[in-house]
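# A structural walkthrough
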Amino acid sequence: MMSSALRARLAALGLIAPLVAFLVVFFFWPLATMMMASVTDGTVRGVMPETAVALSAWDGNSPPSPEMQQALVSDLRKPVDQLAFGDAVRRLNSELSGFRSLMSHTTSAVRDSQEGQALDLATIDPRWGEPKYWLAMKHAMPLYTDRYLLAAADLERDGAGNIAAVDAGASANRQIMLRTFLIAATVTVLCALIGLPYALIAASATGWVRAALLIAVLLPLWTSLLVRTAAWFILLQNEGLINEALKAIGLISAPLPLIFNRTGVVIAMTHVLLPFMVLPIYSGLLTIPANLMPAAASLGASRLKAFRHVLLPLAFPGLMSGSLLVFMVALGYYITPALVGGPNDQMISSVIAFFATGTANWGMAGALGLILLAVTTVLYLVYGRLSRSPTMVGT
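In what follows, the accompanying structure is described. Being a predicted model, the structure only gives us computed values, none of them experimental.

### Notes on the overall build of the protein
Along the backbone of the protein there are 20 helices and two strands. Rg of the C-alpha trace for the protein: 30 Å, well past the compact-globule value of 21 Å for 395 residues, more than 25% over. Across its three principal directions, the C-alpha atoms of the protein cover 100 × 85 × 35 Å. In the protein, which comprises 395 residues, the share counted as buried stands at 36%. Summarising the internal contacts of the protein: among those between residues at least 6 apart in sequence, 69% fall at separations of at least 24. Carbon and sulfur atoms form 68% of the exposed surface of the protein, whose accessible area is close to 21900 Å². Computed over 25 positive and 21 negative side-chain charges, the separation of the two mean positions in the protein equals 20 Å.

The following block contains the structure:
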């Protein structure tokens, strides 16, 4: 007979099984797929397996051997999926420019020849006699690679296999990544400067005033992100409500540049992410006893001193939680910078979307996404460490 304790455990597992299945299918599996895509590169190897075996024994310096040439001929004669073959050619062309035309010409010549006929690829195209094309194929053959992770940081491996910076102007991933962190940090600071006083006012208010303040800060969460961004697009343009109001009261004579620049992106993102700062601070303030500030005043502390030494330390955990939420959400913003910002204000999410949907380069998209995942994980661990520190516990 099954014991009652075992039945209770099985019943509890049955209750959480749908949640576990949901997390595995919609969270952990896509996450693992993204991480694998950033370190795997079997596109060329899957289309040219015999060439991969032949190149594994080649030193990379000697002239191409007949065995390597016949292995490539054998691979090109086999029927393969055209989509996979096109991906392999694009991968080789990214390794060394000129492979697209070389493979197209060579494939046509090989398939037009008789089955079993030995071919000299150098007679089809003289470039097959140059070791650099075979070396590029050898570099593209390994199943696991750090190519995408290095490229995400504007790095690459040179001919000797050493890590080196890419040519200036060839990639701007590092610059865009730094821009993403800067915009996210700016939005986080602005949300903290606005959210802390707002949460203090909301926590000290009562009745309908508190309800009105909370509804005002919750409205962005109840509105579609695209609608909110489109509203800021209308407000910030040269003929928008903000510029027209400033001109009507005589503060400006010409429209302020508030859109298609960094200013518009920061304003729109601050408005959208402000609730993620206000709500953690507000919930933390509600747990603070209301008699602490009067007690500090009765002991001779001024309002500013009581705020600094009593209220602010107690509100600090909520401020840290809000800052962590705002920063992590801001790192992945895509729609707002795309609509409100200019070319120099696009964040790393736009680059990830370009690689994923524009060029189908899942390796680069996964590598950039993995960097963002690593940053947010480190931030979460730092926050967890700070929240358990003696200073936080003492406050």
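### Looking at the environment of Leu214
Relative to the assigned elements, Leu214 resides in helix 11 (residues 207–222). With relative accessibility at 19%, the residue Leu214 sits in the buried group. For the pair formed by Leu214 and Val278, sequence separation is 64 residues and the distance between their alpha carbons is 9.1 Å.

### Considering the packing of helix 12 (residues 225–236) against helix 14 (residues 262–286)
Two elements in contact, helix 12 and helix 14, have axes separated by 10 Å at closest approach and are oriented at 135°. Judged by the angle between their axes, helix 12 and helix 14 are oblique. Where helix 12 crosses over helix 14, the handedness of that crossing is right-handed. Of the residues in helix 14, those in contact with Leu225, Arg228, Trp232 and Leu236 of helix 12 are Gly264, Ile267, Ala268, His271 and Val272.

### Remarks on the packing of helix 5 (residues 82–95) against helix 8 (residues 131–140)
It is the contact of helix 5 with helix 8, at a shortest axis distance of 9 Å, that shows an interaxial angle of 115°. The element helix 5 and its partner helix 8 pack so that their crossing is right-handed. Residues Arg91, Leu92 and Glu95 of helix 5 form the contact with helix 8, whose participating residues are Ala136, Met137, His139 and Ala140. Split into classes, the residues belonging to the contact of helix 5 with helix 8 amount to four nonpolar, one polar and two charged.

### What to know about the packing of aromatic side chains
Enumeration over the complete set of coordinates arrives at seven aromatic pairs. By way of ring pairs, the aromatic residues Phe99, Trp128, Tyr133 and Trp134 are connected into one cluster. Positioned above the aromatic ring of Phe85 is the side chain of Arg111, whose terminal nitrogen or guanidinium carbon lies 5.9 Å from the ring centre.

### Remarks on the side chain of Asp125
Note on placement: Asp125 falls in the loop between helix 7 (121–124) and helix 8. If sequence neighbours within four positions are ignored, Asp125 has contacts with Leu102 and His105.

### Considering the nonpolar core
Formed by 49 residues in total, the largest nonpolar core has its most connected members in Val187, Met269, Leu273, Leu285 and Leu368. Those elements that place two or more of their residues in this core are helix 9 (147–152), helix 10 (173–204), helix 11, helix 14, helix 16 (303–331), helix 18 (348–358) and helix 19 (362–387). Setting aside residues up to four positions removed in sequence, Met269 forms contacts with Ile183, Val187, Ala330, Tyr333, Thr336, Pro337 and Met347. By size, the runner-up hydrophobic cluster in this structure holds 28 residues, among which are Ala52, Leu92, Trp128 and Ala136.

Cut-off values and rules
All chains use their own residue numbering, which begins from 1 and follows the written sequence. Only residues with pLDDT of at least 70 get local features here, since the model is predicted, and only at 80 or more are side-chain atom pairs given and counted; chain-wide, interface and lining totals rely on the full set of residues. Working from all heavy atoms in the structure, the side-chain values ignore hydrogens and water. Secondary structure follows DSSP: runs of H or I at least 4 residues long count as helices, runs of E at least 2 residues long count as strands, and numbering of each begins at the N terminus. Atoms considered for the radius of gyration are the C-alpha atoms alone. The globule rule reads 2.2 Å times the number of residues to the power 0.38. Remark: exposure states derive from per-residue accessible area (1.4 Å probe, protein chains only) relative to the maximum for the residue type, with buried under 20%, exposed over 50%, and partly exposed in between. The contact criterion used is simple: two residues touch if any of their non-hydrogen atoms lie within 4.5 Å. In short, Shrake-Rupley with a 1.4 Å probe defines the accessible areas, and a residue's cover is counted only from the protein chains shown. Working convention for charge: Lys and Arg count positive, Asp and Glu count negative, and His plus the chain ends are omitted. A single reference atom marks each charge: NZ on Lys, CZ on Arg, CG on Asp, CD on Glu. Simply put, an axis is a line fit to the C-alpha atoms, just over the touching stretch for a helix, and the angle between two N-to-C directions goes from 0 to 180 degrees. Roughly parallel refers to an angle under 35 degrees, roughly antiparallel to one over 145, roughly perpendicular to one between 65 and 115, and oblique to any angle outside these ranges. With the far helix as reference, a near helix turned anticlockwise by less than a right angle produces a left-handed crossing, and one turned clockwise produces a right-handed crossing. Lys, Arg, Asp and Glu make up the charged group, whereas Ala, Val, Leu, Ile, Met, Phe, Trp, Tyr, Cys and Pro make up the nonpolar group; the residues left over, Gly among them, are polar. Stacked, edge-to-face and tilted are the three classes for Phe, Tyr and Trp ring pairs, Trp counted by its six-membered ring, which pair at centre distances within 6.5 Å; planes under 30 degrees apart are stacked, over 60 edge-to-face, the rest tilted. Think of it as a cone above the ring: NZ of Lys or CZ of Arg counts as a charge over the ring if it is within 6 Å of the ring centre and within 35 degrees of the ring normal. The set of buried Ala, Val, Leu, Ile, Met, Phe, Trp, Tyr and Cys residues whose side-chain atoms join them within 4.5 Å is what this entry labels a nonpolar core.

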